[in-house]
Amino acid sequence: MARILSALGVADKAFNGGDLKVCSPVDGAVIGMVPQHKTSDVEKAIKVSQAAFEQWKTVPAPVRGEFVRLLGMELRTVKDDLGRLVTLECGKILSEGLGEVQEMIDICDFAVGLSRQLYGLTIQSERPGHHMRETWHPLGTVGVITAFNFPVAVWAWNAALAFVCGDPVIWKPSEKTPLTAIACQAVFDRAVKAFRAAGHTIPDGLNQVLVGGRDVGRALVEHHDVPLVSATGSVPMGRAVAEVVAKRLGRSLLELGGNNAMIVAPSADLDMAVRAILFGAVGTAGQRCTSLRRLIVHESVRDRLLESLTKAYGSLRVGNPLETGTLVGPLIDEASFTAMQSALKNAGAQGGKVLVGGDRVSDGIMGGGYYVRPALVSMPGQSDVVKQETFAPILYVMTYKDMKDAVALQNGVPQGLSSCIFTMDVREAESFLSAAGSDCGIANVNIGPSGAEIGGAFGGEKETGGGRESGSDAWKTYMRRQTQTVNYSSALPLAQGVVFDL
Ligand code: NAD
């Protein structure tokens, strides 16, 4: 651990001697005692950020893009170490840890291209000798609050866009994963150095990390000098943040819980569906916002599908996420294990039957990690427990006869993040993607619900919060829109033909 942190350029004092104890979910070992910020530090950070904004907003966007290009280059050089640190701190398997860093590199590339675009509009004016246009300007400090399960990528999704849009960032990472955030700040600092060495000017404090719990997050959210709060986490967190930001009429971008489903139609390629189900439901030990949690399968293919799935679940390797061949790493902590057990108990009380898994794995497992065998649970219907997001590898299986009922089940939960259908029938596929189909922010055909590419806008509807990050035009949330009208005539006509002459 100390070797990785030192390779990433993290100073010893940044992870030793503090009062925030960080435990690795891999074996429960203490991997850091991190100094925390106090709520009073938030005010100071915002002052620094505002000063940074005054300068950064005047730097041409393509030059800001050059900085993000250098950030992407730095990330390439640390991919292996940072990916390993992600695995050690949040427990996802190494290939997913590395994939998370790749996502950071990808969003930097995307943002570099964007820095030469950030397109506005020209609009036809109704008045002679006038023209109108719409221009996008930098917004100001972006407060970024992140969850434990994507400890670095979510910062990059926000930060890479914010930087090219001309905004500074203050990042409050999850209190469960501060080390990866501190490491990202070290990588960021090296990009700043390289940018300055190339003769560019960049303000201090363009990115700041505030380590702490909810109180620090809340102080950031409450502050009127943070025009945008981008918050990723649970629905209760999002509700709390949304209320505070709305009260001061700020802007929030919310990326909250999901309860994602797959519909498996009679014509589906079942081999492909099984592979997609496995990655979706057990990848990251069921701790992705896009994890597959509900399987809605046509009654004619249920038995065949479940036979293959039960077999596949039985051969999943659960264990050390750093070892090649492991597909399921640990849950983040004991509370997560308890929540999983309680959901399974409730499922039983609501008529469910555990087909496979759900138990704690201890064979060949190191010390204090919470490892579980992913659970496949047959449910008689979409009862309360199925409508909740339990952040663990539980897949509830329900059947349908008619596609209309399947879509109603898919849409019949409070969350609206990701969804998918496996079918070879073009009518079914297109109906699922139509206005009468999935109500989610993400809808896929013959692909599972998780593992989105950064080119698309990412986010969901209903209790998932409505925010969009990453690709497409998500950048617009990080800027302010200005409608401009210019009169190049010698007359002063009013809009709508209003006459107001002396
Ligand atoms: P969490 O809600 O417990 O914490 C997330 C972050 O919010 C942490 O940094 C925490 O300190 C902070 N926080 C909590 N309450 C706050 C408050 N009142 N004010 C300000 N900050 C506050 O979530 P978690 O357990 O870390 O992550 C799991 C959850 O995140 C799941 O529900 C998952 O679906 C969701 N998630 C969503 C997405 C998405 O893009 N939609 C991505 C990743 C995770």
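Nothing here was measured: the structure is a model prediction, and the numbers come from that model. Residue positions are given per chain, counted from 1 along the sequence in the order it is written. Thresholds applied to this predicted model are a pLDDT of at least 70 for local features of residues and 80 or more for the giving and counting of side-chain atom pairs; totals over whole chains, interfaces and linings are not thresholded and use all residues. Side-chain metrics in this entry use all non-hydrogen atoms of the structure; hydrogen atoms and water are not considered.

**Q** Would you mind going over the overall build of the protein with me for this structure?
**A** If you tally the helices and strands in the protein, you get 14 helices and 21 strands. With the radius of gyration taken over C-alpha atoms, the globule rule is written as 2.2 Å times the number of residues to the power 0.38. Taking 2.2 N^0.38 as the reference for a compact globule, 502 residues should give roughly 23 Å; the C-alpha atoms of the protein span a radius of gyration of 24 Å, in line with that estimate. Oriented by its inertia axes, the alpha-carbon framework of the protein measures out at about 80 × 60 × 35 Å. Buried residues are those whose accessible area, probed at 1.4 Å on protein chains only, stays under 20% of the maximum for their type, while exposed residues exceed 50% and partly exposed ones sit between those limits. Per-residue burial over the protein gives 55% buried out of 502 residues. Across the protein, contacts joining residues at least 24 apart in sequence account for 74% of those joining residues at least 6 apart. With residues, only the protein chains shown are counted as cover, and all accessible areas are computed by Shrake-Rupley using a 1.4 Å probe. Per element, the accessible surface of the protein, about 21000 Å² overall, is 53% carbon and sulfur. For the protein, the distance from the average position of its 48 positive side-chain charges to the average position of its 51 negative side-chain charges is 2 Å. Starting at the N terminus, helices and strands are each numbered in turn, a helix being any DSSP run of H or I of at least four residues and a strand any DSSP run of E of at least two. What makes two residues a contact is simply this: any of their non-hydrogen atoms within 4.5 Å. Positive: Lys, Arg. Negative: Asp, Glu. His and the chain ends are not part of the count. One atom stands in for each charge, and that atom is NZ of Lys, CZ of Arg, CG of Asp or CD of Glu.

**Q** Can you help me understand the packing of helix 3 (residues 61–90) against helix 5 (residues 153–165) in this one?
**A** Axes are the key here: two packed helices are described by the angle between their axes and the distance separating the axes. Every axis in this analysis is a line fitted to C-alpha atoms, fitted for helices over the stretch in contact. Angles between the N-to-C directions lie between 0 and 180 degrees. Where helix 3 meets helix 5, the closest approach of the two axes is 7 Å, and the angle between their N-to-C directions is 150°. It follows that helix 3 is roughly antiparallel to helix 5 by the angle criterion. Counting all contacts with helix 3, which are made through Ala-61, Arg-64, Gly-65, Phe-67, Val-68 and Leu-71, the residues of helix 5 involved are Trp-155, Ala-160, Phe-163, Val-164 and Cys-165. To sort the angles, those under 35 degrees are grouped as roughly parallel, those over 145 as roughly antiparallel, those from 65 to 115 as roughly perpendicular, and the leftovers as oblique.

**Q** Before we go on, may I ask you to explain the packing of helix 3 against helix 6 (residues 178–197) in this structure?
**A** With their axes 8 Å apart at the nearest point, helix 3 and helix 6 run at an angle of 150° to one another. Of the possible angle classes, the one that applies to helix 3 and helix 6 is roughly antiparallel. Where helix 3 crosses over helix 6, the two elements pack in a sense that is right-handed. Across the interface between the two elements, Val-63, Glu-66, Phe-67, Leu-70, Leu-71, Glu-74, Leu-75, Val-78, Leu-82, Leu-85, Val-86 and Glu-89 of helix 3 pack against Pro-178, Leu-179, Thr-180, Ala-183, Cys-184, Val-187, Phe-188, Arg-190, Ala-191, Val-192, Ala-194 and Phe-195 of helix 6. Each residue is assigned to one of three groups, with Ala, Val, Leu, Ile, Met, Phe, Trp, Tyr, Cys and Pro labelled nonpolar, Asp, Glu, Lys and Arg labelled charged, and all others, Gly among them, labelled polar. Here the residues of the contact of helix 3 with helix 6 sort into 19 nonpolar, 1 polar and 4 charged. Each helix crossing is assigned a hand: it is left-handed if the near helix lies turned anticlockwise from the far helix by less than a right angle, otherwise right-handed if that turn is clockwise.

**Q** What am I meant to see in the nonpolar core here?
**A** One broad trend across soluble globular proteins is that nonpolar side chains are buried collectively. Counting 79 residues, the largest nonpolar core has Phe-67, Leu-82 and Phe-163 as its most contacted members. When we break this core down by domain, the ones giving at least three residues each are domain 1 (2–256 + 465–483) and domain 2 (260–445). If sequence neighbours within four positions are ignored, Phe-163 has contacts with Trp-56, Arg-64, Phe-67, Val-68, Leu-71, Val-169, Phe-188, Leu-206 and Asn-207. By size, the runner-up hydrophobic cluster in this structure holds 62 residues, among which are Ile-263, Leu-295, Leu-344 and Leu-376. Definition of nonpolar core: a set of buried residues of the types Ala, Val, Leu, Ile, Met, Phe, Trp, Tyr and Cys, connected through side-chain atoms within 4.5 Å. Each domain's extent is set by a domain assignment, obtained either automatically or from a database.

**Q** What should I look at first to understand the side chain of Asn-411 in this one?
**A** The topology assignment puts Asn-411 in helix 13 (residues 403–411). We define a polar contact as two N or O atoms separated by no more than 3.5 Å, with the added condition that, inside protein, one atom must be a possible hydrogen donor and the other a possible acceptor, whereas residues neighbouring each other in sequence contribute only through side-chain atom pairs. Of note is the side chain of Asn-411, whose polar atom sits 2.9 Å from the backbone oxygen of Gly-437. Setting aside residues no more than four positions away along its own chain, Asn-411 makes contact with Gly-437, Ser-438, Asp-439 and Lys-462.

**Q** What's the story with the packing of aromatic side chains in this structure? I'm lost.
**A** Here the distance between the centres and the angle between the planes together describe a pair of aromatic rings. Pairing of aromatic rings covers Phe, Tyr and the six-membered ring of Trp, with a centre-to-centre limit of 6.5 Å; geometry is then stacked below 30 degrees between planes, edge-to-face above 60, and tilted otherwise. For the coordinates displayed, the defined rule picks out 11 aromatic pairs. By way of ring pairs, the aromatic residues Trp-56, Phe-67, Phe-163, Phe-188 and Phe-195 are connected into one cluster. Put simply, a charge is over a ring when the Lys NZ or the Arg CZ is close to the ring centre, within 6 Å, and near the line of the ring normal, within 35 degrees. A cation sits over an aromatic face here: Lys-92 above Phe-150, 3.6 Å from the ring centre. One residue, Arg-360, lies across the ring of Phe-337, its end atom 5.7 Å from the ring centre.

**Q** Which parts of the structure should I look at to understand the sheet that holds strand 4 (residues 130–138)?
**A** Hydrogen bonds between backbone groups are what pair the strands of a sheet, and the pairing can be parallel or antiparallel. Taking strand neighbours across the sheet as the criterion, the 3 strands line up as 3-4-21 in an open arrangement whose pairing is antiparallel. Both edges of this open sheet fall to strand 3 (121–123) and strand 21 (479–487), since each of them pairs with a single strand only. Across the sheet, the mean angle separating the axes of adjacent strands is 25° when strand polarity is ignored. Bridge count between strand 4 and strand 21: 9 bridges; the pairing is antiparallel. Across the sheet, residue Arg-133 finds its bridge partner in strand 21, namely Gln-484. Here, any two strands with at least 2 DSSP bridges between them count as paired.

**Q** Explain the environment of Ile-31 here, please?
**A** Here Ile-31 shows up in strand 2 (residues 30–34). Separated by 16 residues in the primary sequence, Ile-31 and Phe-15 have C-alpha atoms spaced 8.3 Å apart. For Ile-31, the residues in contact, after removing those within four places along its chain, are Met-1, Phe-15, Val-22, Cys-23, Ser-24, Leu-88, Glu-89 and Leu-179.

**Q** Help me understand the state of the cysteines in this model?
**A** Every disulfide links exactly two cysteines, by a covalent bond between their sulfur atoms. Defined by distance alone, a disulfide is two cysteine sulfur atoms within 2.5 Å. One pass over the structure, following the stated rule, counts 0 disulfides. Looking at the unpaired Cys-23, the closest cysteine sulfur is the one in Cys-90, lying at 14 Å. Accessibility expressed as a relative area gives 34% for Cys-23, which makes it partly exposed. For Cys-440, which is in no disulfide, the shortest distance to another cysteine sulfur is to Cys-420 and amounts to 9.6 Å.

**Q** What is the right way to look at the pattern of salt bridges in this model?
**A** Here the idea is simple: oppositely charged side chains can pair when their charged atoms come close. Each reported salt bridge corresponds to a side-chain nitrogen of Lys or Arg within 4 Å of a carboxyl oxygen of Asp or Glu. Tallied over the entire structure, the rule returns 21 salt bridges. Among the salt bridges present, the one from Glu-134 reaches Arg-481, with a minimum N-O distance of 3.1 Å. Of this pair, Glu-134 sits in strand 4 while Arg-481 sits in strand 21, and the two are 347 residues apart along the sequence. A salt bridge links Glu-463 to Arg-239, with the nearest nitrogen and oxygen atoms 3.5 Å apart. Separated by 224 residues along the polypeptide, Glu-463 in the loop between strand 19 (461–462) and strand 20 (469–470) and Arg-239 in helix 8 (residues 235–247) bring together distant segments of the chain. For Glu-463, a relative accessible area of 30% puts it in the partly exposed group. Under the relative-accessibility criterion, Arg-239 is labelled partly exposed at 47%.

**Q** Any chance you could explain the UniProt feature "active site" (unreviewed entry) in the protein here in plain terms?
**A** UniProt positions are given in the numbering used here, feature names are shortened, and annotations may be inferred rather than shown by experiment. UniProt's entry tags Glu-255 with the feature "active site" (unreviewed entry), counted in the numbering of this structure. Position of Glu-255 relative to the elements: it lies in strand 9 (residues 251–255). In this view, Glu-255 contacts Ala-231, Thr-232, Gly-233, Phe-458, Gly-459, Gly-460, Thr-464, Gly-467, Arg-468 and Glu-469; residues no more than four positions away in its chain are not counted.

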